[in-house]
Amino acid sequence: MRILDHSDEGIEREEPIEDIGDDAEFEEDQEEGKVSSAFPFIHHPTQNMTGFGKLSPPPPSESVNRLVYVVNFLKTKGLSETHFPHLSFLCPGIFHSDTDGIESVFTFSSQELGASPEESCGLIYRCPKILLNNVELCLWPTLHFLLSLGVKKLNSANTLNAHLINTHVEKLEEKIWFLESLGFTEQESTTVCARLPAIFGYSVENNLTPKLEYLVMEMEWTLEELKAFLQYFAFSLTKQIVSRHMHLKERGVKVQLDRMLVWSDQRFYTKW
């Protein structure tokens, strides 16, 4: 089985695991006394509520104290003010959660995942919901499952790893069952997932199945040919697969699946 390796930047995926770029920027409130945009669910007593013309009541002191406590705790773990707007936007519940649970996630990241403090913060930044997940019920079983498949470098702080670690085993197994339903052996299925773990982020119903149907029914390729280029599933159905297939079909040309998709637009349309 031949599987080509490509970086995330070189492949356009349809419905990928959510990608938050490393260059994402967040504005910090510089005015003294202004409530930080890191916490949009808290309003200043003199600030109008959006969409209402009334002043919002001041938050309970206990809630504010809890929020400040969690923020300071997260700072001790390496997260900074610049991280909080993003964390709050994606998962505001973090700031009302139990710090014992947060501590257990950082311990898991360090001791089980082998991540450095910087890598742990990077993973959490890309998928803040990790902090709300149960280590024993989700994070550890998922890590054990991925390692058993042969997925490597899960400690690296990238979007794919962050969301993989935060996914329940049952969801991951669905992709392996899908491949087996196509005629792949168990060994072939696990090898594919280990080499192309991004497949775990694709919906079987909305992504994998439509691409498979188009491959077999419209492009008239066989499953054996698909096995030689599993990255097919990583490309956009509408933007790349269909458009390039129709372009070649109109010209009476048929090329190998990898050449049809891996080449850049400039190289592809210049050649054909």
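All values derive from a computational prediction rather than experimental measurement. (Residues numbered from 1 in each chain as written. Predicted model: local features only at pLDDT ≥ 70, side-chain atom pairs only at ≥ 80, totals over all residues. Heavy atoms only, no water.)

## Let's talk about the overall build of the protein
Within the protein, the regular secondary structure consists of 13 helices and zero strands. Each helix and strand of the protein, placed in order from N terminus to C terminus, yields the pattern α-α-α-α-α-α-α-α-α-α-α-α-α. The burial tally for the protein puts 43% of its 272 residues in the buried class. When contacts within the protein are restricted to residue pairs at least 6 apart in sequence, long-range pairs at least 24 apart make up 69% of them. Accessible surface, the protein: about 15,000 Å² in total, of which carbon and sulfur atoms supply 51%. (Helix = DSSP H or I, 4+ residues; strand = E, 2+ residues; numbered from the N terminus. Buried < 20%, exposed > 50% of the residue type's maximum accessible area, 1.4 Å probe, protein only. Contact = heavy atoms within 4.5 Å. Areas by Shrake-Rupley, 256 points an atom, 1.4 Å probe, with all protein chains shown as cover.)

## Some thoughts on the pattern of salt bridges
By the definition in use, this model includes six salt bridges. Between Glu 188 and Lys 227 there is a salt bridge, with the nearest N and O atoms lying 3.5 Å from each other. Of the two residues, Glu 188 is situated in helix α8 (residues 186–195) and Lys 227 in helix α10 (residues 223–227); the sequence distance between them amounts to 39 residues. Take Lys 227: its relative accessible area is 13%, and that puts it in the buried class. (Salt bridge = Lys/Arg side-chain N within 4 Å of Asp/Glu carboxyl O.)

## Here's the deal with the confidence of the model for the protein
Low-pLDDT stretches of the model should not have their predicted coordinates read in fine detail. The predicted model of the protein averages 80 in pLDDT, with 78% of residues at 70 or higher. In this model, residues 1–58 is a region of pLDDT below 50 whose contacts with residues beyond four sequence positions or in other chains number 105 contacts. (pLDDT = per-residue confidence, 0-100.)

## Here's the deal with the packing of helix α7 (residues 169–181) against helix α9 (residues 204–218)
Running from N to C, α7 and α9 point in directions that differ by 20°, and their axes come no closer than 12 Å. Comparing their axes, α9 and α7 come out roughly parallel. Here α7 and α9 pass one another in a crossing that is right-handed. For the pair formed by α7 and α9, the contact residues are Glu 174, Lys 175 and Phe 178 on the first element and Val 204, Leu 208, Thr 209 and Leu 212 on the second. A breakdown of the residues in the contact of α7 with α9 according to their chemical character gives four nonpolar, one polar and two charged. (Axes fitted to C-alpha atoms, helices over the stretch in contact; angles between N-to-C directions. Parallel < 35°, antiparallel > 145°, perpendicular 65-115°, else oblique. Left-handed = near helix turned anticlockwise from the far one by under 90°. Nonpolar A, V, L, I, M, F, W, Y, C, P; charged D, E, K, R; others polar.)

## Some thoughts on the environment of Ala 157
Tracing the backbone shows Ala 157 in the loop between α5 (135–149) and α6 (159–165). Not counting residues up to four positions away in its chain, the partners in contact with Ala 157 are Glu 119, Gly 122, Leu 123 and Arg 126.

## Here's the deal with α7
With 13 residues, α7 ought to run about 18 Å at 1.5 Å a step, and its terminal C-alpha atoms sit 18 Å apart, in line with that. Three or more residues of α7 are buried, namely Val 169, Leu 172, Lys 175, Ile 176, Phe 178 and Leu 179. Packing partners of the buried residues in α7 comprise α5, α6, α8 and α9. Looking one or two residues beyond α7, the residue adopting positive phi is Gly 183, at roughly 110°. (Expected span 1.5 Å × (residues − 1).)

## With respect to the nonpolar core
Leu 74, Phe 95, Met 219, Tyr 232 and Phe 233 are the most contacted members of the largest nonpolar core, which totals 72 residues. The element contributing the most residues to this core is α5, with seven residues. (Core = buried A, V, L, I, M, F, W, Y, C linked by side-chain atoms within 4.5 Å.)

## Notes on unusual backbone geometry
Positive phi outside glycine occurs at Lys 153, with the angle close to 55°. As for its position among the elements, Lys 153 is in the loop between α5 and α6. Using a relative accessible area of 66% as the deciding quantity, one classes Lys 153 as exposed. In the Ramachandran plot, Glu 220 falls in the positive-phi region, its phi being about 60° despite a non-glycine side chain. With respect to the helices and strands, the residue Glu 220 is situated in the loop between α9 and α10. The class for Glu 220 is exposed, based on a relative accessible area of 60%.

## Examining the packing of aromatic side chains
In this description, an aromatic ring pair is defined by two values, namely the gap between the centres and the angle between the planes. Throughout the structure, instances matching the rule amount to seven aromatic pairs. Taking 6.0 Å as the distance between ring centres and 80° as the angle between the ring planes, the aromatic pair formed by Phe 84 and Phe 95 counts as edge-to-face. Residue Phe 84 is found in helix α2 (residues 84–90), and its partner Phe 95 is found in the loop between α2 and α3 (99–111); the two are separated by 11 residues along the sequence. Judged by relative accessible area, which is 0%, Phe 84 ranks as buried. Assessed through its relative accessible area of 0%, Phe 95 is described here as buried. Three or more aromatic residues joined by ring pairs make a cluster, and in this case those are Trp 263, Phe 268, Tyr 269 and Trp 272. Across from the ring centre of Tyr 202, 5.4 Å away, lies the NZ or CZ of Lys 211, which sits over that ring. (Phe/Tyr/Trp six-rings, centres within 6.5 Å; stacked < 30°, edge-to-face > 60°. Lys NZ or Arg CZ within 6 Å of the ring centre and 35° of its normal.)

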